[in-house]
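The primary structure of each chain is shown beneath.
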Amino acid sequence: AREERMTEAERVLRDAVAEGKLPFAVAMTGTSQGTTLSTAAGEAAEGRAAAEDTVFRIFSMSKAIGSLAALILIDRGTLSPETPVAELLPEWNDLQVLDGWDGDTPRLRPQRTAATLRHLATHTAGIEYEFWNADVAKYLQTQNHPPALSGLKAALNYPLTSDPGTRWSYGLALDWLGRMVEAADGRRIDAFCRDEIFAPLGMHDTVFEPDGLTDRLAEVKMRKGDGFRPTRLSPPARPAVYGMGHALYSTAPDYLRFLRMVLNGGELDGTRILTPQAMELMMQDQMPDGVSFEKMTTVAPPVSADVDMFPGTRAGHSLAFLRNDADIPGKRSAGSLGWAGVCNTHYWIDPARDLAAVLMTQSLPFMEPPMVETYDAFERAVYAGI
């Protein structure tokens, strides 16, 4: 009987796991009113079935939570989208722009424009990860500079690859935004998120340190030929600075609560997190004029494939999410919001259809073709079933 009742979306995931497209999957969908689908397939770790309470390293799904922290302070008048980064973090002005190379010597120059909170939140501040920029990868290697995931404070001081406000470039901006929140509020970012976001939203399994959750934590797997082998990739434990670009662990039900708060216009179960004015910043395009999402071309194939979320469709960015300008046929509506984490945890929010969804596994490379095919088929099945 269960077999007959299985939705097409559930079947897509079960088949994808059976065919080795992903090691396992946990997925949920919901509306502003509640959960509409919860399903899991495969083993999250040796001998342990994937389940609704499986804990994930959500990596860049942390970014929207960092943005929410900043939006809470914007709501209170403590910060504004136009707050200069250097007003709170003067060391931002020490970052140079990498303008090329003389052999292994980087050519560096001062920034020509002043970065604001809006630039950080929309990934237009010019600070870029090494996985999609060969110059940054070369800089970290030749200058012996610690990477973002080292957990060191010095790791945040990447050279910029463009002047703030001039192009979309994906990287450590949310780590800096989290530090702006700390400087403006006085609490460390983990305490701020616990007090102001996780407790009010009932996100009890969303944490900066997985202490006490390791029996539910999924294994990360890396593609090896036709199958997967275990690999080690986690946010740094007890770092000098919690980077809001990558620091969180969570579960599908917890993250869906956050997404449903967005669908609900800033509140969930009677608890208001953001005002309607702050929700505008969270949902509407906030990119500088003439700037839009750019395809991310990998320079680290074991970690990520190329990333082009909506080929042929302009995508902008709100203060928290990537945002597609046009309807994607058979899939999300214009004005939908979303992003992902590097170990293939994905989500989207479609306000026009009152729909949010998460599809989560723990695998590398990010956005490899089998994952993209599965995500596409899952999303199509979800919309076909509405």
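Refer to the structure presented above.
Reference entry: report on the structure contained in this document. Remember, it's a predicted structure, so these values are computed and weren't measured experimentally. (Residues numbered from 1 in each chain as written. Predicted model: local features only at pLDDT ≥ 70, side-chain atom pairs only at ≥ 80, totals over all residues. Heavy atoms only, no water.)

Topic: the overall build of the protein chain
Of regular secondary structure, the protein chain possesses 11 helices and 17 strands. The principal-axis extent of the C-alpha atoms belonging to the protein chain is close to 65 × 50 × 45 Å. When each of the 386 residues of the protein chain is scored for burial, the buried share is 60%. Nonlocal contacts in the protein chain, meaning residues at least 24 apart in sequence, comprise 69% of its contacts between residues at least 6 apart. Total accessible area computed for the protein chain in this model is approximately 14800 Å², and 48% of it derives from carbon and sulfur atoms. Taking the average location of the 37 positive side-chain charges in the protein chain and that of its 51 negative ones, the two points are 2 Å from each other. (Helix = DSSP H or I, 4+ residues; strand = E, 2+ residues; numbered from the N terminus. Buried < 20%, exposed > 50% of the residue type's maximum accessible area, 1.4 Å probe, protein only. Contact = heavy atoms within 4.5 Å. Areas by Shrake-Rupley, 256 points an atom, 1.4 Å probe, with all protein chains shown as cover. Lys, Arg positive; Asp, Glu negative; His and termini not counted. Charge placed at Lys NZ, Arg CZ, Asp CG, Glu CD.)

Overview of the sheet that holds strand β8 (residues 227-231)
Spatial strand order, β8-β7-β17: three strands in an open sheet with mixed pairing. Since the sheet does not close on itself, it has two edges, and those belong to β8 and β17 (363-364), each with one partner. Bridging between strand β7 (residues 220-224) and β8 involves five bridges; their strand directions are antiparallel. Following the sheet pairing, valine 220 is matched in β8 by threonine 231. (Pairing = 2+ DSSP bridges.)

Focus: helix α9 (residues 252-263)
Taking 1.5 Å per residue, 12 residues should reach 16 Å; α9 reaches 16 Å between its end C-alpha atoms and fits that length. Counting buried positions over the 12 residues of α9 gives 10, a clear majority of the element. Of the positions making up α9, those classed as buried are Ala252, Asp254, Tyr255, Leu256, Phe258, Leu259, Arg260, Met261, Val262 and Leu263. Where α9 starts, the residue carrying a side-chain oxygen 3.3 Å from the main-chain nitrogen of aspartate 254 turns out to be threonine 251. Downstream of α9 by one or two residues, glycine 265 has phi in the positive range, about 70 degrees. (Expected span 1.5 Å × (residues − 1). Polar contact = N/O pair within 3.5 Å; in protein donor to acceptor, adjacent residues only side chain to side chain.)

Digging into the sheet that holds strand β3 (residues 48-49)
A sheet is described by the order of its strands in space; here eight strands give the open sequence β3-β2-β1-β16-β15-β14-β13-β12, paired in antiparallel fashion. Here the strands that pair on one side only, and so sit at the sheet edges, are β3 and β12 (315-317). Two strands pair when backbone bridges link them, and strand β15 (residues 345-350) and strand β16 (residues 355-360) are joined in this way by six bridges, in the antiparallel orientation. The residue of β16 that forms the bridge with threonine 345 is methionine 360. Strands in contact with helix α11 (residues 369-384) are β1 (24-30), β2 (35-45), β15 and β16; relative to β15, the strand with the most contacts, it is inclined by about 30 degrees. (Axes fitted to C-alpha atoms, helices over the stretch in contact; angles between N-to-C directions.)

Structural notes on the side chain of histidine 119
Looking at the secondary structure, you find histidine 119 in helix α5 (residues 117-121). Setting aside chain neighbours within four positions, we find histidine 119 in contact with Ala114, Thr124, Ala125, Pro164, Gly165 and Pro288.

Topic: the environment of serine 162
Position of serine 162 among the secondary structure elements: in the loop between α6 (134-142) and α7 (173-185). Taking the C-alpha atoms as reference points, serine 162 and glutamine 286, separated by 124 residues in sequence, lie 18 Å from one another.

Some remarks on the pairing of β16
Burial runs high along β16: six of the six residues are buried. Sheet analysis places β1 next to β16, joined by five bridges and oriented antiparallel. Along β16, the bridge assignment pairs threonine 29 with alanine 357. Linking two consecutive strands that pair antiparallel, namely β15 and β16, is a turn of four residues; a positive phi of about 50 degrees is found at aspartate 354 within it.

Topic: unusual backbone geometry
With the exception of glycine, most residues fall at negative phi, and the peptide bonds are largely trans. Of the consecutive residues leucine 364 and proline 365, the connecting peptide bond is found in the cis state with omega at 0 degrees. Tracing the chain through its elements places proline 365 in the loop between β17 and α11. Phi at phenylalanine 59 takes a positive value of approximately 40 degrees, unusual for a residue other than glycine. Mapped onto the elements of the fold, phenylalanine 59 is located in the loop between β4 (56-57) and α3 (62-75). Phi at asparagine 344 takes a positive value of approximately 65 degrees, unusual for a residue other than glycine. Within the secondary structure, asparagine 344 is located in the loop between β14 (337-341) and β15.

A look at the pattern of salt bridges
Following the criterion strictly, the structure yields 30 salt bridges and no others. The salt bridge partner of lysine 21 is glutamate 19, with a shortest N-O separation of 3.6 Å. We note a salt bridge from glutamate 91 to arginine 179, for which the minimum N-O separation is 2.5 Å. Remark: arginine 179 occurs in helix α7 and glutamate 91 occurs in the loop between α4 (85-88) and β5 (97-102); sequence separation between them is 88 residues. (Salt bridge = Lys/Arg side-chain N within 4 Å of Asp/Glu carboxyl O.)

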